[in-house]
Amino acid sequence: MDALIAPMDCERGLGERRTSVGMGKTKLDSGWLAARSGEVAATGVQLTTTHPPTGPSAPWMEAVVPGTVLGTLLKNNLVPDPFYGLNNEAIIDISNSGREYYTFWFFTTFECKMTANQHVHLNFRAINYSAEVYLNGHKEILPKGMFRRHSLDITDILTPSGINMLAVLVHPPDHPGSIPPQGGQGGDHEIGKDVAAHYVEGWDWMTPIRDRNTGIWDEVSVQVTGPVKITDPHLVSSFFDGFKRVYLHTTVGLENRSSRLAECSLSLRVTTELEGNICLVEHLQSYELQIPPGTHIQFTLPPLFFYKPRLWWPNGMGKQSLYDVGITVDVKGSGESDSWNHWFGFRKIESLIDDVTGGRLFKVNGEPVFIRGGNWISSDGLLRLSKKRYMTDIKFHADMNFNMLRCWGGGIAERPEFYECCDMYGLLVWQEFWITGDVDGRGVPISNPDGPLDHNLFILCARDTVKLLRNHASLALWVGGNEQIPPKDINETLKSDLKLHPLFQTTVEGLSDNTKDPSQYLDGTRVYIQGSLWDGFADGKGDFTDGPYEIQNPEDFFKDNFYPYGFNPEVGSVGMPIAATIRATMPSEGWLIPIFSKGPDGYIEEIPNPIWEYHKYIPYSKPGKVHDQIELYGHPKNLDDFCDKAQLVNYVQYRALLEGWTSRMWTKYTGVLIWKTQNPWTGLRGQFYDHLHDQTAGFFGCRCAAEPIHVQLNLASYFIEVVNTTSAGLSNVAVEVSVWDLDGSCPFYKVTEKILVPPKKVVEVVKMKYPNSKNAQPVYFLLLKLFRLSDSSILSRNFYWLHLPGKDFKLLELHRKKRMPLKITSEVLISGPTYEVNMQLKNLSKSSRSLIGNEMDNRKEGGENCINLGRSIIGSEEKESSSILRRISRGLGFSRPQNFSRYTNPSSPLHRQLFLSCSW
């Protein structure tokens, strides 16, 4: 940094917002101010010396950091909520305002007093898109690129008083583009000239982001160290003797910022947590080394040996065991200089093209993984990212029994907090780089055939992203782009940079003398695939062979001709939320349900209101192919009726999708990813929970279908099937099949003979013949239970509502007003940031015939016809019509998983016990 003007000790009432910085890393995530650059007369030098802002008075306002300019404007009520109704149309787009309109100053102060031999760095984990940094009158340029870290040595420019003033002028992307009248995938595609997120120009599921996410969108911190700083450690585990012998390989970057030789002691500690919060130190090793002044070295430690460590497994395959790896460097004469910690999972990920299906096959710790997961854009379109929101997002996916998320190339390189949650819950992650077919050479119009303008910048951002994320157990593979491969030079560089280490290419055990330690590679442990439609995905050749993205007849998912390739990276459908969400996110004009226009061929075309159309609604009909699935239950009368029936369709649609794919596990398919699991805004398509974190019934359909051990009905063949995705065989089990009609009688009941289900297999058990019986009812219920013969314990339970061919579900409408005598008992503890709810549901009616599992269930759950709904953690910021009682009643149709968690910020810190008892 160049010194321009000596800083002045000018506090001006800023002290009450000032962050105090100590040894280690301190986040600067509060006390920020912002102002539009054109409304600030002072220069950056003046702002950080003689003329700092005195508080949130015009043109200055409270700022959201980390966050974006639009997020700051929204916080200060200077723009309407862009995700509400048609509000986004009232916000000026950067293509009309010009880049200067969204060029903003961000200002804060922090207190930092150094002692001898200390060094201080100012770190920006990401900004969008470029910036000028001023600290105490000194200037530094942060170069372009949305996905790169910046670290500035500010040791010599901190003030003697310890009070430091920081101003950052953030510029939008160089090519923000414009939005054609017809919209389109990525607008006019100009954003593709930059290394930035593409979705900000809008997509068929997303409205344009008016500031293109300009801002300090990720963590800002001040880091105080001694003379030597730790940079980008790389941890790699290698496995031998059937995973009995395991080695931890470690390479650490060490930078001596001082002008003297640093005599160092480097310590590596590996700790695991045992039962009862007891920690066991598995390894504690120290190494002596010297680092010349002003140099940066890479130091590779001798591998650490572990015998049968606890392995990290994907969701549904075992525990997500994590070890706390700590690295500390001490410098002679200075004491502890720097430290670094990371939760690390011992696991081996392999990926290859399956000979049987042609699809990409993943193995973890030697076990094949049948992939069932979804596509992910971002937690929030305005990049209002937080650990709490990530935790809820990822927990939801784990609760759906998913095992993979694909971070789509038009979105962002996800943040470490996202990966920490995936590590915790066992979600494998497919991380794409920032190429999309629509924007980069394959869209309409064709544009950017050579990708971003600055290829070196793209490669720099890619390498930095790898270093940021590579130590996470959940990270499974790198992919060059969405439906496109990067330009040749970028692609070849990524192939070279991300080549596998020999230990992960073959089964050869041991390293030759001239083979580099695997931790010396940029990554070396995960495959790099050049694009999402290549090399075992879709047709493997890059043709547009993913999809479809619309409503389907549920039975079609099971048919041989539905999808011909082994691994589908994108298949999508409907996603209507509950009525309370519509009322919370739209004005009353948006509460109008679609017009149902019936054509001469009998098919219905849904015509949504303009607000639904703006929010990218997908209809529940496909004229000429799929009859309206909502109309099957009777014509909807109003918004509540429409949304209730939509939830029934959501459940059936997504359960059938996953059951159809799973029915051909390993014989035709190796995996499927649903497009998409959630929306980064208040969209009306492709979601299992809405932007307010309320689930659709599709959430529960997926949770049912993706059970590791599952009993299901093949809707095409009507064979009952048992799915075993685990590595252990099932023996001494049977299936109970019962059919129920609308008056509660049971016209068909059968328990199968003992069956054997090998590991990783699907077994046909028996054909369901009731629909062909003489007195079959037009609408009926099918209850399947897979249970152990030894103790009648239920392994899987699946409930279907079905109709005979040519019929519909309209008879159910006659039974809507009937009420079951149910009693719900809830114990609610409101404490600090969460509600903790324990619920119990009891059926007070007389029990019908005793079926398999009832006696066992009642004995375990607390009485006859009684079900424990489990423990919920719910935040208090809920929609007006979404009270706890409404949530309880709404959840009766779909029981929540054990340990179901939900996290939001409460509006009041109440501490009290509530006991609710409600009868229906």
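Every value quoted in this text rests on a predicted model; they were computed, and no experiment measured them.

1. A look at the overall build of the protein
Secondary structure assignment for the protein yields 14 helices and 43 strands. Summarising the internal contacts of the protein: among those between residues at least 6 apart in sequence, 73% fall at separations of at least 24. For the protein, the exposed area adds up to about 35400 Å²; of that, 51% sits on carbon and sulfur atoms.

2. Quick notes on the pairing of strand β30 (residues 604-607)
Residues in a regular strand project their side chains so that they alternate between the two faces of the sheet. Only one face of β30 is buried, namely the one carrying Ile604 and Glu606, since none of Glu605 and Ile607 on the opposite face is buried. Taken together, the four bridges between strand β29 (residues 595-598) and β30 define a ladder with antiparallel strand orientation. In the strand pairing of β30, Phe596 is matched with Glu606.

3. Here's the deal with the state of the cysteines
Here the structure, examined in full by the defined rule, presents zero disulfides. This cysteine, Cys407, is not joined by any disulfide, and Cys422 carries the nearest cysteine sulfur, 7.1 Å off. In this structure Cys407 comes out as buried when scored by relative accessible area, which is 1%.

4. A few points about the sheet that holds strand β13 (residues 228-240)
Whenever strands of a sheet pair, they do so through backbone hydrogen bonds, lying parallel or antiparallel. The strand order across the open sheet built from three strands is β13-β14-β17, with neighbouring strands paired in antiparallel fashion. Every other strand in the sheet has two partners, leaving β13 and β17 (296-307) as the edge strands with one partner each. Shown here is a sheet whose adjacent strand axes are inclined to one another by a mean of 15 degrees, direction ignored.

5. Some thoughts on helix α11 (residues 639-663)
With 25 residues, α11 extends 35 Å between its outermost C-alpha atoms, agreeing within 8% with the 36 Å of an ideal straight helix rising 1.5 Å per residue. Extensive coverage of α11 is indicated by the burial of 22 of its 25 residues. The N-terminus of α11 is capped by Asn638, whose side-chain oxygen sits 3.2 Å from the backbone nitrogen of Asp640.

So, how was this worked out
Along every chain, residues carry numbers that run from 1 in the direction the sequence is written. Per-residue local features of the predicted model are confined to residues with pLDDT of at least 70, and side-chain atom pairs are confined, for both listing and counting, to 80 or more; whole-chain, interface and lining totals are unaffected and use all residues. Remark: hydrogens and water are excluded; side-chain values derive from all non-hydrogen atoms of the structure. Helix and strand labels come from DSSP, where a helix needs a run of H or I of at least four residues and a strand needs a run of E of at least two; each type is numbered from the N terminus. By the convention used here, residues are in contact when the closest approach between their heavy atoms is within 4.5 Å. Here the Shrake-Rupley method, with its probe set to 1.4 Å, supplies the accessible areas, and only the displayed protein chains count as covering residues. Exposure is judged per residue with a 1.4 Å probe applied to protein chains only, and the accessible area is read against the type maximum: over 50% gives exposed, under 20% gives buried, and values in between give partly exposed. In this analysis, strands are considered paired if DSSP registers two or more bridges between them. Only a pair of cysteine sulfur atoms within 2.5 Å qualifies as a disulfide here. With axes taken as lines fitted to C-alpha atoms, and helix axes fitted only over the stretch in contact, angles between N-to-C directions fall between 0 and 180 degrees. Each helix should span, by expectation, one fewer than its residue count multiplied by 1.5 Å. Definition of a polar contact: a pair of N or O atoms within 3.5 Å, with one able to donate and the other able to accept a hydrogen when the atoms are protein atoms, and with sequence-neighbouring residues admitted only if both atoms are side-chain atoms.

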